[in-house]
Amino acid sequence: MFNGTTSGKENFDKLLDTAMERNIPLYAIQQGMSYKADKETSLHFIAPDLAHMEVEASGSLPVSEHQNHDSVVFLLEMAGASLLFTRDMDAAAEQDLLYMIQDGSLAAQFEQKGADLGVNEGVHKGYLYIRCRLIQMMHQL
């Protein structure tokens, strides 16, 4: 799974080329997609929102210089619980997600009102205040 763009950098393009040469499936994710693994497990993709991404057309994949901002974000539903995976979102993307939580559009989009929802950042860096606020808000759903 990836955000459907390339960074335009040689190493990233080489990684994608290697995956294609070895017939490794690549799935370009976008907001609104869902995947049902089994009767108790689903992934609902919240980001990237391709309609609002700043990309340049180049070859077969669009180029985005903002890979962290355009991170794949998904809600995992499993056995009655939900967990939000935010990956390497930057502050602006996290703020957009906070607004979606505050106005109820995230819960409405994935019917999560009142569900047991946790947050998994899964990152190697981040913005502590926003992440703490995000976790607090998710627990209020």
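Everything numeric in this text was worked out from a predicted model, so none of it was measured. (Residues numbered from 1 in each chain as written. Predicted model: local features only at pLDDT ≥ 70, side-chain atom pairs only at ≥ 80, totals over all residues. Heavy atoms only, no water.)

Turning to the overall build of the protein chain, a few remarks are in order. In terms of regular secondary structure, the protein chain is built from 4 helices and 5 strands. Along the protein chain, helices and strands appear, N-terminal first, in the series α-β-β-β-β-α-α-β-α. Residues counted as buried form 37% of the 141 residues belonging to the protein chain. The long-range fraction of contacts in the protein chain, counting pairs at least 24 apart against all pairs at least 6 apart in sequence, stands at 61%. (Helix = DSSP H or I, 4+ residues; strand = E, 2+ residues; numbered from the N terminus. Buried < 20%, exposed > 50% of the residue type's maximum accessible area, 1.4 Å probe, protein only. Contact = heavy atoms within 4.5 Å.)

Before going further, it helps to examine unusual backbone geometry. Residue P48 is bonded to the preceding A47 through a cis peptide linkage, with omega at 15°. Relative to the elements of secondary structure, P48 occurs in the loop between β2 (41–47) and β3 (73–78). With phi around 60°, N23 is a residue other than glycine that occupies positive phi space. Following the sequence through the fold, N23 ends up in the loop between α1 (10–21) and β1 (34–38). Despite not being glycine, A79 has its phi angle at roughly 50°, a positive value. Tracing the sequence through the fold places A79 in the loop between β3 and β4 (81–85).

All right, on to the nonpolar core then. Counting residues in hydrophobic clusters, the biggest one holds 10 residues: I46, A47, V73, L75, L84, M89, A93, L97, M100 and I101. Secondary structure elements with two or more residues in this core: β2, β3 and α2 (91–102). Take this core: its biggest share by element is 4 residues, from α2. (Core = buried A, V, L, I, M, F, W, Y, C linked by side-chain atoms within 4.5 Å.)

Moving on to the pairing of β1. In terms of strand pairing, β1 meets β2 through 4 bridges, oriented antiparallel. In the sheet register, D38 faces β2, and the bridge partner there is T41. Hairpin connection from β1 to β2: 2 residues lie between these consecutive antiparallel strands. (Pairing = 2+ DSSP bridges.)

Of the strand pairs in this sheet, β3 and β4 are connected by 5 bridges, and their pairing is antiparallel. Paired with E77 across the strands is S82, a residue of β4. The hairpin turn running from β3 into β4, its antiparallel successor, is 2 residues long, and A79 in that turn takes a positive phi close to 50°.

For α1, spanning 12 residues, the distance from its first C-alpha to its last is 16 Å, which sits close to the expected 16 Å at 1.5 Å a residue. Of the residues trailing α1, N23 is marked for its positive phi of about 60°. (Expected span 1.5 Å × (residues − 1).)

All chains considered together, the criterion is met by 2 aromatic pairs. Ring centres of F74 and F85 lie 4.7 Å apart, and the angle between their planes is 15°; on these two criteria the pair is classed as stacked. Highlighted residues: F74 in strand β3 and F85 in strand β4, separated in sequence by 11 residues. You'll find F74 and F85 in the same group, each marked buried. (Phe/Tyr/Trp six-rings, centres within 6.5 Å; stacked < 30°, edge-to-face > 60°.)

Mapped onto the elements of the fold, I29 is located in the loop between α1 and β1. Put simply, I29 and M1 are 28 residues apart on the chain and 6.4 Å apart in space, counted from C-alpha to C-alpha.

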